[in-house]
Amino acid sequence: MTRKAVAVRREEIVLAALEQIQARGIAGVRAADVAKALDVSTALIFYHFGTLETLVIEAFRQAAEKDLANLSAELARGGPADSRLRSVLNLYGPAQPANGWKLWIEAGAAAMRDSQLRAVLQRLDLRWRDAVVALIAEGVGAGVFRCPDPHGAAWRLTALLDGLAVQVVAREGTVTTGDCARWVEQAMAYELGY
């Protein structure tokens, strides 16, 4: 049997862990299930990651980094601050496929009991919020927005999206993505004075 490169094997394990998290939630993930999905031994999972918690954190980090790569691509597109802000908030919000939000919601719940996961979650989440703050500040500087507190406005807008995402993803049918888009547009008008 051919041995796989360490990086390849680790990536396979992370992807299998993400599939298990999607299916079972973070609390339901077992190293044995990840190993079974790959037809490898549980010992191999622990060899590469040490603990199940370390694997879960790495899986979340990698998935979140992919979301952040999408954010970076959106920011790099250029254009007026208001249209870029709408695009970023749309990308952030629950109008996108729900799998990313399922993972963020799972990680948020698990982070209440896991300080290492909480630190990773907060660091990655701040990158989103900092991007929104920067876009609002850019729009204020360009005279597009009238907002005395870009930081506060960014946090209120993203907190609104966080709450709406829980409604869309975890309480299916209570709020539609159309509702989200309409309410976010209203909140933007209020927060940004346009």
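The coordinates are above.
Treat the numbers as computed from the prediction; the structure is a model and nothing was measured.

Caption draft 1: Expanded view of the overall build of the protein. Each helix and strand counted, the protein has nine helices and zero strands in total. From first element to last, N terminus to C terminus, the protein shows the α and β order α-α-α-α-α-α-α-α-α. Referenced to the eigenvectors of the C-alpha coordinate spread, the extents of the protein come out at roughly 65 × 35 × 25 Å. By the burial criterion, 42% of the 194 residues in the protein qualify as buried. Across the protein, the fraction of contacts at a sequence separation of at least 24, relative to all contacts at a separation of at least 6, is 64%. Looking at the protein as shown, the accessible area adds up to about 10,300 Å², and 55% of this sits on carbon and sulfur atoms. Both charge centroids of the protein, one from 22 positive and one from 22 negative side chains, sit 3 Å from each other.

Caption draft 2: Expanded view of helix H7 (residues 115–141). Taking 1.5 Å per residue as the helical rise, H7 with its 27 residues ought to reach 39 Å, and the 38 Å between its terminal C-alpha atoms agrees with that figure. Measuring from the backbone nitrogen of Gln-116 back to the side-chain oxygen at the start of H7 gives 3.0 Å, which picks out Asp-114 as the cap.

Caption draft 3: Up close: the environment of Val-168. By secondary structure assignment, the location of Val-168 is in helix H8 (residues 150–170). Between the C-alpha atom of Val-168 and that of Gln-186, which follows or precedes it by 18 residues, the distance is 18 Å.

Caption draft 4: Structural context of the pattern of salt bridges. Counting across every chain of the model gives 13 salt bridges. Glu-138 serves as the salt-bridge partner of Arg-84, at 2.7 Å between the closest nitrogen and oxygen. With Arg-84 in helix H5 (residues 81–92) and Glu-138 in helix H7, the pair connects residues that are 54 residues apart, well separated along the chain. A network of salt bridges, in which partner residues are shared, links Arg-24, Arg-30 and Asp-33.

Caption draft 5: Quick look at the packing of H8 against helix H9 (residues 177–192). Orientation of H8 relative to H9, taken along the N-to-C sense of each, is 165°, at an axis distance of 10 Å. Considered as vectors, H8 and H9 are oriented roughly antiparallel to each other. For the pair H8 and H9, the crossing hand works out as right-handed. Contacts from Ala-153, Arg-156, Leu-157, Leu-160, Leu-161, Leu-164 and Val-168 of H8 reach H9 at Thr-177, Cys-180, Trp-183, Val-184, Ala-187, Met-188, Glu-191 and Leu-192. Within the contact of H8 with H9, the residues separate by chemical class into twelve nonpolar, one polar and two charged.

Caption draft 6: Seen up close, the packing of aromatic side chains. Counted by the stated rule, this structure contains four aromatic pairs. Considering the side-chain rings of Tyr-92 and Trp-101, the 5.8 Å spacing of their centres and the 75° angle between planes classify their relative orientation as edge-to-face. Neither residue differs from the other here; Tyr-92 and Trp-101 are each classed as buried. Ring plane angle 40° and centroid distance 5.9 Å describe the contact between Phe-145 and Tyr-194, whose orientation is recorded as tilted. Remark: Tyr-194 occurs in the segment after H9 and Phe-145 occurs in the loop between H7 and H8; sequence separation between them is 49 residues.

Caption draft 7: Summary view of the nonpolar core. Residues Leu-55, Phe-60, Leu-85 and Ile-136 are the most contacted members of the largest nonpolar core, which totals 61 residues. With residues near it in sequence (within four places) discarded, Ile-136 still touches Leu-85, Phe-145, Cys-147, Pro-150, Ala-153, Ala-154, Leu-157 and Leu-192.

Caption draft 8: Seen up close, the environment of Ser-41. By secondary structure assignment, the location of Ser-41 is in the loop between helix H2 (31–38) and helix H3 (42–49). Sequence separation between Ser-41 and Arg-30 is eleven residues, and the spatial gap between their C-alpha atoms is 13 Å.

About the thresholds
Residues numbered from 1 in each chain as written. Predicted model: local features only at pLDDT ≥ 70, side-chain atom pairs only at ≥ 80, totals over all residues. Heavy atoms only, no water. Helix = DSSP H or I, 4+ residues; strand = E, 2+ residues; numbered from the N terminus. Buried < 20%, exposed > 50% of the residue type's maximum accessible area, 1.4 Å probe, protein only. Contact = heavy atoms within 4.5 Å. Areas by Shrake-Rupley, 256 points an atom, 1.4 Å probe, with all protein chains shown as cover. Lys, Arg positive; Asp, Glu negative; His and termini not counted. Charge placed at Lys NZ, Arg CZ, Asp CG, Glu CD. Expected span 1.5 Å × (residues − 1). Polar contact = N/O pair within 3.5 Å; in protein donor to acceptor, adjacent residues only side chain to side chain. Salt bridge = Lys/Arg side-chain N within 4 Å of Asp/Glu carboxyl O. Axes fitted to C-alpha atoms, helices over the stretch in contact; angles between N-to-C directions. Parallel < 35°, antiparallel > 145°, perpendicular 65-115°, else oblique. Left-handed = near helix turned anticlockwise from the far one by under 90°. Nonpolar A, V, L, I, M, F, W, Y, C, P; charged D, E, K, R; others polar. Phe/Tyr/Trp six-rings, centres within 6.5 Å; stacked < 30°, edge-to-face > 60°. Core = buried A, V, L, I, M, F, W, Y, C linked by side-chain atoms within 4.5 Å.

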